[in-house]
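Working through the structure, step by step
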Amino acid sequence: MNNNSFDEDYKKFWDTRYKNPEYAYGKNPNDFFKEQIQKLKPASILLPADGEARNGVYAAELGWDVTSLDLSIEAKNKALELAEERQVSINYIVEDLENLDFPKSSFDAIALIYAHFSADKKSLLHKKLSEWLKPGGTIIFEAFSKNHHKLVQSNPKIGGPKDIDMLFSKEELLEDFQQYEIEILEDTQIQIEEGLYHSGSGSVIRFVGKKSF
């Protein structure tokens, strides 16, 4: 399968998932994101792979200027419904991250919450995102680690990619985000209860870093 076929199949997968009236991962923000975003002064934030925008909407409720991004138009429709329900506004872009180009230093924070990209693109996309973050800006990251591979095989309800190369290691993040002052970097197992598709014990990488330059 070439990359274009993979991307199109990936988009169809997420459109199908988000077309369901029920919110795939619930309406509440991710716990780690909620904990970390509360420590920062509201400014501008980019949330790639924000899906139905449970995290973007929460950030908007705190006063952030939110730009959410996803491949799925169905996700955007649900996201805007949630924003209206919570009486906030977000800027929501439906596009492949690979095709977007913001000016350098556009955002004060970037949140990557279960933003899993294909193995051949993930490091390139991390470095692209890093260029869009202002010096002194913060990245908040939580996603499934390579240790999650066995857990998703034994419990598909926990969710996450079944391709181990789409999962993350601490070493990969250290390589991708070299110019960062690390505040948190851990590979840990947690209990996750987020909507229909994140249920059970999962192994995650958590990273918070401040861009040095």
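These lines cover the structure that appears in this document, whether it is placed above or below. (Residues numbered from 1 in each chain as written. Predicted model: local features only at pLDDT ≥ 70, side-chain atom pairs only at ≥ 80, totals over all residues. Heavy atoms only, no water.)

Our next topic: the environment of Trp 132. The topology assignment puts Trp 132 in helix α5 (residues 122–132). Judged by relative accessible area, Trp 132 falls into the buried class, the value being 1%. For the pair Trp 132 and Tyr 58, spaced 74 residues apart in sequence, the C-alpha to C-alpha distance is 22 Å. Setting aside anything within four residues of it in sequence, one finds Trp 132 in contact with Leu 46, Leu 97, Leu 100, Asp 101, Phe 102, Pro 103, Ser 105, Ser 106 and Phe 107. (Helix = DSSP H or I, 4+ residues; strand = E, 2+ residues; numbered from the N terminus. Buried < 20%, exposed > 50% of the residue type's maximum accessible area, 1.4 Å probe, protein only. Contact = heavy atoms within 4.5 Å.)

Another aspect to go through is the packing of aromatic side chains. Following the criterion strictly, the structure yields nine aromatic pairs and no others. Where Tyr 180 meets Phe 207, the ring centres are 6.4 Å apart and the plane angle is 65°; that geometry is what we call edge-to-face. Taken together, the residues Tyr 180 in strand β6 (residues 180–194) and Phe 207 in strand β7 (residues 198–211) connect sequence positions 27 residues apart. Above the ring of Tyr 23, the side-chain terminus of Lys 78 is found at 4.7 Å from the ring centroid. Positioned over the ring face of Phe 168 is Lys 122, at 4.8 Å from the centre of the ring. (Phe/Tyr/Trp six-rings, centres within 6.5 Å; stacked < 30°, edge-to-face > 60°. Lys NZ or Arg CZ within 6 Å of the ring centre and 35° of its normal.)

The strand order across the open sheet built from seven strands is β3-β2-β1-β4-β5-β7-β6, with neighbouring strands paired in mixed fashion. The open sheet has two edge strands, β3 (91–94) and β6, and neither has a second partner. Going across the sheet, the axis of each strand differs from the next one's by a mean of 15°, ignoring polarity. Relative to strand β2 (residues 65–70), strand β1 (residues 44–47) runs parallel, the two being bridged by four bridges. Looking at β2, one finds that Leu 46 is bridged to Thr 67. Across the sheet, helix α3 (residues 54–61) touches β1, β2, β4 (107–113) and β6, and the angle it forms with β2 is around 175°. Sheet contacts for α5: β1, β4, β5 (133–144), β6 and β7; angle to β5, the most-contacted strand, approximately 145°. (Pairing = 2+ DSSP bridges. Axes fitted to C-alpha atoms, helices over the stretch in contact; angles between N-to-C directions.)

One finds Phe 33, Ile 45, Val 66 and Ile 90 to be the most contacted residues of the largest nonpolar core, which totals 36 residues. Core analysis: the next-biggest nonpolar cluster, separate from the first, contains 23 residues, Phe 107, Leu 112, Phe 117 and Leu 173 among them. (Core = buried A, V, L, I, M, F, W, Y, C linked by side-chain atoms within 4.5 Å.)

The topology assignment puts Glu 74 in helix α4 (residues 73–85). Although Glu 74 lies buried, it forms no salt bridge, and the closest oppositely charged side chain, Lys 19, sits 4.4 Å away as judged by the N-O distance. The residues contacting Glu 74, other than those within four sequence positions of it, are Asp 15, Tyr 18 and Lys 19. (Lys, Arg positive; Asp, Glu negative; His and termini not counted. Salt bridge = Lys/Arg side-chain N within 4 Å of Asp/Glu carboxyl O.)

In this section: the environment of Asp 187. Within the fold, Asp 187 resides in strand β6. Residue classification places Asp 187 among the partly exposed positions, given a relative accessible area of 31%. On a C-alpha basis, the gap between Asp 187 and Asn 91 in space is 32 Å, while along the polypeptide they are 96 residues apart. Contact partners of Asp 187, with chain neighbours within four places excluded, come to Ser 145, Asn 147, Lys 170, Ser 203, Val 204 and Ile 205. Polar contacts involving the side chain of Asp 187 include one to the side chain of Ser 145, which spans 3.2 Å. There is a polar contact of 3.3 Å between the side chain of Asp 187 and the side chain of Ser 203. (Polar contact = N/O pair within 3.5 Å; in protein donor to acceptor, adjacent residues only side chain to side chain.)

As a further point, take the pattern of salt bridges. Applying the stated rule across the entire model yields 11 salt bridges. For Glu 61, the salt bridge goes to Arg 86, with nearest N and O atoms at 3.8 Å. Placement of Glu 61 in helix α3 and of Arg 86 in the loop between α4 and β3 is noted, with a sequence separation of 25 residues between them. Using a relative accessible area of 38% as the deciding quantity, one classes Glu 61 as partly exposed. We classify Arg 86 as partly exposed; its relative accessible area is 26%. In this structure, the salt-bridge partner of Glu 142 is Arg 206, at a minimum N-O distance of 2.5 Å. Here the residue Glu 142 occupies a position in strand β5, and Arg 206 occupies one in strand β7, the gap between them amounting to 64 residues. Connected via shared salt-bridge partners are Lys 27, Glu 61, Glu 85 and Arg 86.

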